[in-house]
Amino acid sequence: MSGPAPLVDTRVLRLLVVGSGLGWSVAFVAIALHYQLELYGDGAMFSYAVAVQDVWAFHWHNISGRSSVFFLDLLPAETMVGVTGRPWVGIITYGLLFYISPLIGLISTFVADRSRRRTIFYYACCSTALLCPLIFGFPTEMWLAHAIFWPALAISHYAKRTNVGAILVFAAQLVLAFAHEGALVLLFAIVATLAPRGLRSFQFVRAMIGLIAILILAAASKFVLPPDDYYSGVLLRAALHFFDLEIFKVEVVLLLLAALTAYGSILIVISMLSPKRAWIYSLGIVLVALSVYWLQFDHSVHASSRYYLRTALVLLTPLFGAAAAFSAMAGDEITFRPLATMQHFLISPSHGAICTFAGAFAIVTLIHAVETEKFVSAWMGYRNAIAALATGQEADPSLGNSHFVSSKRILPNLGSLSWFSTIPYLSVLLANFSPTRLVIDPAGNYFWLSCANATQNRDAQRAVPTQARELVRIYSCLHR
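This write-up is about the structure you can find in this document. Predicted, not measured: the structure shown is a model, and the values here were computed from it.

One pass over the structure, following the stated rule, counts 14 salt bridges. The residue Glu-371 makes a salt bridge to Lys-374 at a minimum N-O spacing of 3.1 Å. In this pair, Glu-371 and Lys-374 both sit in helix 18 (residues 351-390), three residues apart, roughly one turn of the helix. For Glu-371, a relative accessible area of 3% puts it in the buried group. Salt-bridge contacts for Arg-409 lead to Glu-394; the nearest nitrogen and oxygen are separated by 3.3 Å. You can see Arg-409 sitting in the loop between strand 1 (404-406) and helix 19 (423-430) and its partner Glu-394 sitting in the loop between helix 18 and strand 1, a full 15 residues away along the chain. One salt-bridge network, held together by shared partners, links Arg-66, Glu-141, Glu-181 and Lys-222.

As structure tokens, then:
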């Protein structure tokens with residue numbers, strides 16, 4: 001159990017991890033486009049902004065620190081609406097570009113990675129398979145940041161010592177840093193992984209110069225493109241709660257921790273009796289227990305909590321990145337003495353360690369798959385319920401207009417899918433831009449559009465019918 005792993009073990013594990021990472025990346029695109037997940041949560045607002053061709057004016061001018069998402073995803077989608085005159089073409093483009101980013105990130109990492117056996121690509125696949133399903137379905141900009149992080153890491157370590165190489169490194173750093181404010185943590189992590197190569201190495205020096213330049217640009221963007229007064233307080237509150245530990249007190253995180261703890265505990269006990277097959281028996285017992293839990297006791301849906309678990313990507317992605325970098329450097333015969341033992345373990349794990357990790361990997365993958373299926377099924381029910389209200393005749397004039405209807409009319413069991421601030425825009429989209437009612441959450445206290453912005457958009461020539469934009473204007477003017 002403690003000797004070096006046979007070559008076949010490492011190959012099988014590599015096949016499992018790489019296959020899972022690529023498989024999830026393809027599945028993300030297929031599932032998201034089939035079930036219109038680009039409309040979920042904040043995606044409803046972003047999709048509506050694309051459809052009415054006002055992404056920057058509606059929201060993105062408030063978050064200049066996330067300009068990469070605007071230029072790589074939303075602007076091309078909005079342009080498609082202008083070219084074709086068809087809102088849904090733009091919305092589908094937005095969903096495609098957003099959800100295909102992990103796959104593009106892995107392909108780019110594979111191309112850029114010059115480490116022995118493409119070690120960074122291997123860890124990129126592992127991170128994609130284990131972390132991305134936690135937030136899949138909610139259009140947080142950290143989704144794109146994670147996809148950019150891995151090719152940026154590979155480029156930073158292996159770009160040639162030329163002007164072109166320096167430009168590639170800076171470009172990758174810039175795109176990563178402006179994906180989300182949290183991506184600055186990922187950028188610092190990349191630079192830190194270069195330190196073992198030597199503080200005077202060209203890789204570390206050029207990355208450090210790029211980091212300093214980007215920090216200056218990031219600070220300058222806040223002064224040149226400050227958020228509106230309404231959003232200043234909102235963004236500050238969001239930043240203060242970004243690393244709140246309460247975020248992790250959700251069913252899916254507790255289930256993952258419980259399952260992995262049970263697996264480890266059972267493995268220790270069974271190893272005393274049957275060391276060689278302990279991981280198989282432990283895995284089997286945990287899978288049976290999970291099946292009983294899902295069939296008999298579980299009623300949760302991992303939905304809105306997907307947004308808040310973006311924090312997990314900020315905290316855990318650098319750990320995967322550090323492991324990838326240290327393993328790659330070990331393959332390059334660069335040893336970081338304080339972590340030499342860990343480096344050796346990463347590149348030469350024992351047979352027992354590989355089996356144990358494979359079992360844990362299988363457990364996490366199964367949980368992600370089941371939770372994704374539950375989420376998608378619930379989303380379909382929620383989407384249909386909102387569409388029925390948006391195209392029906394029921395109304396709640398007390399909300400401010402005779403064409404408004406309360407989202408509280410849907411079944412309570414669908415409430416976990418609700419994202420109150422974007423329900424009005426979702427109702428317009430699901431009614432194919434011809435709603436008879438605008439669906440409103442009575443408890444809503446966050447309003448995306450000012451009266452001025454909504455009015456200006458209503459009066460402009462757009463592909464979306466004026467009647468739909470007028471309902472949004474009425475709603476916006478009631479609150480901002």
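A few words on the side chain of Arg-437. Turning to its location among the elements, Arg-437 is positioned in the loop between helix 19 and strand 2 (438-440). One buried charge, Arg-437, has no salt-bridge partner; the nearest side chain with opposite charge is Asp-396, at 8.0 Å. Among the polar contacts made by the side chain of Arg-437, one reaches the main-chain carbonyl oxygen of Gln-393 at a distance of 3.0 Å. With residues near it in sequence (within four places) discarded, Arg-437 still touches Leu-389, Ala-390, Gly-392, Gln-393, Glu-394, Ala-395, Ser-402, His-403, Phe-404, Val-405 and Ser-427.

Now for the nonpolar core. Core analysis: the largest hydrophobic core is formed by 147 residues, its most contacted members being Leu-74, Trp-150, Leu-176 and Tyr-382. Top contributing element to this core by residue count: helix 18, with 17 residues. Filtering out sequence-adjacent residues up to four positions away, Trp-150 remains in contact with Thr-109, Ile-120, Tyr-123, Ala-124, Ser-127, Thr-317, Phe-320, Gly-321 and Ala-324.

A few words now on the packing of helix 2 (residues 42-51) against helix 19. One way to put it is that helix 2 packs onto helix 19 with a least axis distance of 8 Å and a crossing angle of 55 degrees. The angle between the axes of helix 2 and helix 19 places the two elements in the oblique class. Judged by the sense of rotation from one axis to the other, the crossing of helix 2 with helix 19 is left-handed. Residues Ala-44, Met-45, Ser-47 and Tyr-48 of helix 2 pack against Tyr-425, Leu-426, Val-428 and Leu-429 of helix 19.

Rules used throughout
- Residues numbered from 1 in each chain as written.
- Predicted model: local features only at pLDDT ≥ 70, side-chain atom pairs only at ≥ 80, totals over all residues.
- Heavy atoms only, no water.
- Salt bridge = Lys/Arg side-chain N within 4 Å of Asp/Glu carboxyl O.
- Helix = DSSP H or I, 4+ residues; strand = E, 2+ residues; numbered from the N terminus.
- Buried < 20%, exposed > 50% of the residue type's maximum accessible area, 1.4 Å probe, protein only.
- Lys, Arg positive; Asp, Glu negative; His and termini not counted.
- Polar contact = N/O pair within 3.5 Å; in protein donor to acceptor, adjacent residues only side chain to side chain.
- Contact = heavy atoms within 4.5 Å.
- Core = buried A, V, L, I, M, F, W, Y, C linked by side-chain atoms within 4.5 Å.
- Axes fitted to C-alpha atoms, helices over the stretch in contact; angles between N-to-C directions.
- Parallel < 35°, antiparallel > 145°, perpendicular 65-115°, else oblique.
- Left-handed = near helix turned anticlockwise from the far one by under 90°.

Nothing here speaks to function; it is all geometry.
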